[in-house]
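Coordinates in review
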There are 2 protein chains.
Amino acid sequence: VSATKLAQLGEFGFLARFLPRLPRGRGVLIGAGDDCALVQMDSRRVLVTTDALVEDVHFEKQWMSPYQLGRKAYLVSASDIAAMGGRPRFAVVSAGVPPDYPSRDLDALHRGLAAAARETGAQLVGGNLSRADALFLSVALVGEAPAQPIERRGAKPGDLLFVTGRLGEAALGLRQLRRDPGARGAAVRRFREPVPRLRAGAVLAKNHIASAMIDVSDGLFQDLGHLCRASGVGARIELSSLPRSAQVRAASETLALAGGEDYELLCAVPPRRLARLQRLRPTMGCPITRIGEVTPLADGVRVVDARGASVALRQGGFDHFAARRR
Amino acid sequence: VSATKLAQLGEFGFLARFLPRLPRGRGVLIGAGDDCALVQMDSRRVLVTTDALVEDVHFEKQWMSPYQLGRKAYLVSASDIAAMGGRPRFAVVSAGVPPDYPSRDLDALHRGLAAAARETGAQLVGGNLSRADALFLSVALVGEAPAQPIERRGAKPGDLLFVTGRLGEAALGLRQLRRDPGARGAAVRRFREPVPRLRAGAVLAKNHIASAMIDVSDGLFQDLGHLCRASGVGARIELSSLPRSAQVRAASETLALAGGEDYELLCAVPPRRLARLQRLRPTMGCPITRIGEVTPLADGVRVVDARGASVALRQGGFDHFAARRR
């Protein structure tokens, strides 16, 4: 029997193979395969997305408090709304919880979810609780779409590539937590608490600055690949231009490229929009850094060093089916 | 340390203790604690709900095919939309899947979800795939609300209680599957494939027939309790009136009361609406049976036999935190 296993195919293999089959029927403006679905309900265009955190896959219990975990479960979903330029409005959570889980911790999970939602202008409006051997939290979010949501497709050769915030911090935090569950510091804090770039996403969408956008959750290189495939283009990234803390830079060359869990926005900006981007930069609530440019499809996706030489990457990013088990 | 564990508190204990704390903020018309949340997005009122199926809690792998499991994961969420009288429109799924899960089976899960959505007029618009040791499927559904969605609260003493379809069938099927994973027959089919009562729910809401409604997912007695608590009333159920197949009746007196997974609708109907109910009965797509009446709060929730004597219940319904592990 040579049945393909998910571990061989990987999450992206699966998503690429199966999700595009979803027909786009009535009211579906953007279906599976982007950060969110965009649907039409009467005159209102609505974003819908879901994401999950699973114990021993995305986190270990000793790495963060239940309150922090609740916050993170919400924030990673909100990042998908940011990647379309939308506003999160209503969240529901489906939680799987072991029977010996203290109800005090469940309360903290729930307060974390509700607080993080509130801080981004959204509300936790309902949920479902199941028993499960390993803790999981699936959050689904309904958001308001901007007039022109930014998809993954739409980048053109000659567009410039920008990324918000800094890369590699969360991956460094994860590495530190794996070595020492009691680790502290900025990187660990960032792993525990992503910062969805809602304001930047909204500014980029509302002002028609970005031609394509994705949130960087699986590592820059991986997500850049998704954006390029969706847009039918290639890209060249300048390694030296990646925004990184000194700590990340010192830790490893590849953390910023392949680390995962950045939850920053990667977008393509046509040259004619650069002046507008420059003008609106102070309103985005975070830095935004030019890291490369969009190239023709035939050029592929390349990372170059300061001298323009291609950098080989051993691992493209985080695919937790392809990844070794911890 | 005397921390309360979920296993002691139970799902409903938790939900009762914590969920009502959710503030109802901007745009939230019905918050946590009903079958769905009802939210306002511009002029459109939208229902949002989520439910999950977890391996070894809600099912064992050998009990149903991946295609059937995908269908069921969607249908149990659709039942929550039916319970408010709404129309399901857009679904997203968050799946947790073991790494050795065959991609062929994942494809079948996905086809099952998408087909069941399509059959109820909805669409599967996106999803998220995580690694997990035990399979889980969390489905979130966005639906159109009727002009007056039916809540759990609203029942008044003197209202009559009705239930759609038949009770206890799925619970009998579950019992059969536990004895023999290869079991067949109507009860097993019903366990595998719930039938959300979308048409009946819509008719009951649109025509203002029901004063309160809930879907029966945890056993009639349990869900009747939820409806009564939300409405601040008691109830009297006539055991002999419960709609049951001969097979269910023969199997056990309590299957129809406490079995769970019926996914029928339980509603309260004011006497002045009975003529309307009678007239519209043929349009509901399923039988609807009078099973008792709403009483004052002080009378509590009682089940009586044919002579009017109270029937004692050992177990109130299915609470999978309180339940023994299988």
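Rules and cut-offs
- Residues numbered from 1 in each chain as written.
- Chains lettered and ligands numbered in written order.
- Predicted model: local features only at pLDDT ≥ 70, side-chain atom pairs only at ≥ 80, totals over all residues.
- Heavy atoms only, no water.
- Helix = DSSP H or I, 4+ residues; strand = E, 2+ residues; numbered from the N terminus.
- Polar contact = N/O pair within 3.5 Å; in protein donor to acceptor, adjacent residues only side chain to side chain.
- Contact = heavy atoms within 4.5 Å.
- Buried < 20%, exposed > 50% of the residue type's maximum accessible area, 1.4 Å probe, protein only.
- pLDDT = per-residue confidence, 0-100.
- Axes fitted to C-alpha atoms, helices over the stretch in contact; angles between N-to-C directions.
- Parallel < 35°, antiparallel > 145°, perpendicular 65-115°, else oblique.
- Left-handed = near helix turned anticlockwise from the far one by under 90°.
- Nonpolar A, V, L, I, M, F, W, Y, C, P; charged D, E, K, R; others polar.
- Pairing = 2+ DSSP bridges.
- Phe/Tyr/Trp six-rings, centres within 6.5 Å; stacked < 30°, edge-to-face > 60°.
- Lys NZ or Arg CZ within 6 Å of the ring centre and 35° of its normal.
- Expected span 1.5 Å × (residues − 1).
- Salt bridge = Lys/Arg side-chain N within 4 Å of Asp/Glu carboxyl O.

Here we come to the side chain of A:Asp34. Residue and element names in this part refer to chain A. You can see Asp34 is positioned in the loop between β1 (28–30) and β2 (37–41). At 3.0 Å, the side chain of Asp34 forms a polar contact with the backbone nitrogen of Arg152. When neighbours within four sequence positions are excluded, Asp34 is seen to be in contact with Met84, Glu151 and Arg152.

What follows concerns unusual backbone geometry. Unusually for a residue other than glycine, A:His208 sits at a positive phi of about 50 degrees. On the secondary structure map, A:His208 appears in the loop between α6 (198–206) and β8 (212–216). With relative accessibility at 36%, the residue A:His208 sits in the partly exposed group. Notably, B:Asp56 is not glycine yet its phi reads approximately 70 degrees, a positive angle. Position of B:Asp56 relative to the elements: it lies in the loop between β3 (44–54) and α2 (66–82).

With 88% of its residues at a pLDDT of 70 or more, chain A shows a mean pLDDT of 89. Scored as a whole, the predicted complex attains pTM 0.90, and scored at its interfaces, ipTM 0.89.

Describing two packed helices takes the angle between their axes plus the distance from one axis to the other. Residue and element names in this part refer to chain B. Direction vectors running N to C along α2 and helix α3 (residues 103–119) enclose 40 degrees, while the axes themselves pass 7 Å from each other. The angle between α2 and α3 falls in the class oblique. For α2 against α3, the interelement crossing comes out right-handed. Residues Pro66, Tyr67, Leu69, Gly70, Arg71, Ala73, Tyr74 and Leu75 of α2 pack against Asp105, Ala108, Leu109, Arg111, Gly112, Leu113, Ala115, Ala116, Ala117 and Glu119 of α3. Looking at the contact of α2 with α3 residue by residue, the class counts come to twelve nonpolar, two polar and four charged.

With that out of the way, let us pick up the sheet that holds strand β2 (residues 37–41) of chain B. Residue and element names in this part refer to chain B. The mixed open sheet is built from six strands, whose spatial order is β1-β2-β3-β6-β4-β5. The sheet is open, and its two edges are formed by β1 (28–30) and β5 (123–131), each paired on a single side. Neighbouring strand axes in the sheet, compared pairwise and without regard to direction, differ in orientation by 25 degrees on average. Here strand β4 (residues 87–97) runs beside strand β6 (residues 136–144); their pairing, made up of nine bridges, is antiparallel. Opposite Arg87, over in β6, you have Glu144 as the bridge partner.

Time to look at the packing of aromatic side chains. Across all of its chains, the model carries three aromatic pairs over all chains by this definition. Geometrically, the ring pair formed by A:Trp63 and A:Phe191 is edge-to-face, given 5.9 Å between the ring centres and 80 degrees between the ring planes. In this pair, A:Trp63 is assigned in the loop between β3 (44–54) and α2 (66–82) and A:Phe191 in helix α5 (residues 186–192), connecting sequence segments 128 residues apart. The burial state of A:Trp63 is the same as that of A:Phe191; both residues are buried. Where A:Phe136 meets B:Phe136, the ring centres are 3.7 Å apart and the plane angle is 0 degrees; that geometry is what we call stacked. One end of the pair, A:Phe136, is in strand β6 (residues 136–144); the other, B:Phe136, is in strand β6, on a second chain. In this pair, the class of A:Phe136 matches that of B:Phe136, namely buried. Geometry around A:Phe191 places A:Lys72 over its ring, the cationic atom sitting 3.6 Å from the centre.

Attention now goes to the pairing of strand β7 (residues 160–164) of chain A. Residues and elements named next belong to chain A. By the criterion of burial, β7 is predominantly enclosed, with five of the five residues buried. The alternating pattern of β7 places Leu160, Phe162 and Thr164 and Leu161 and Val163 on opposite faces, both of which are buried. One ladder, built from four bridges, connects β7 with strand β10 (residues 264–269); its direction is antiparallel. For Leu160, the partnering residue across the bridge sits in β10 and is Val269. Note that β7 and strand β11 (residues 288–295) share five bridges and pair antiparallel. Of the residues in β11, the one forming a bridge with Val163 is Thr289.

Take α3(B) next. Residue and element names in this part refer to chain B. End to end, α3 covers 24 Å across 17 residues, agreeing with the expected 24 Å (1.5 Å per residue, within 8%). With twelve of its 17 residues buried, α3 lies for the most part within the structure. By the burial criterion, the buried members of α3 are Ser103, Leu106, Asp107, Ala108, Leu109, His110, Gly112, Leu113, Ala114, Ala115, Ala116 and Ala117. Phi for Gly121, located one or two positions after α3, is positive at around 85 degrees.

What follows deals with the pattern of salt bridges. In the structure shown here, the tally under the stated rule is 28 salt bridges over all chains. Across the pair A:Arg71 and A:Glu119 runs a salt bridge, and its minimum N-O distance is 2.6 Å. On the criterion of sequence distance, the pair formed by A:Arg71 in helix α2 and A:Glu119 in helix α3 (residues 103–119) is long-range, its members being 48 residues apart. For B:Glu293, the salt bridge identified is with B:Arg236, shortest N-O distance 2.5 Å. In this pair, B:Glu293 sits in strand β11 (residues 288–295) while B:Arg236 sits in strand β9 (residues 234–238), placing the two residues 57 residues apart along the sequence. Because the salt bridges share partners, they merge into one network encompassing A:Asp34, A:Asp35 and A:Arg152.

Here we come to the sheet that holds β6(A). All names here are of chain A. Reading across from one edge, β1-β2-β3-β6-β4-β5 is the order of the six strands in this open sheet, with mixed pairing throughout. With one partner strand each, in any of the chains shown, β1 and β5 (123–131) form the two edges of the open sheet. Each strand axis lies, on average, 25 degrees off the axis of its neighbour in the sheet, ignoring direction. Relative to the sheet, α2 contacts β3, β4 (87–97) and β6, its axis offset from that of β3 by approximately 140 degrees. The sheet strands contacting α3 are β4, β5 and β6, and the helix crosses β5 at an angle near 150 degrees.

For α6(A), every residue scored as buried is listed here: A:Leu198, A:Ala200, A:Gly201, A:Val203, A:Leu204 and A:Ala205. Of the residues flanking the end of α6(A), it is A:His208, one or two places downstream, whose phi is positive at about 50 degrees.

Residues and elements named next belong to chain B. Looking at the element boundaries, Glu151 is found in the loop between β6 and β7 (160–164). Polar side-chain contacts of Glu151 include one of 3.0 Å to the side chain of Arg153. Once residues lying within four places of it in the same chain are set aside, the contact partners of Glu151 are Ile30, Asp34, Ser211, Ala212 and Met213.

Residues and elements named next belong to chain B. Assignment of secondary structure puts Leu75 in helix α2. Sequence-wise, Leu75 and Leu174 are 99 residues apart; in three dimensions their C-alpha atoms are separated by 17 Å. With residues near it in sequence (within four places) discarded, Leu75 still touches Ala116, Thr120, Glu193, Pro194 and Pro196.

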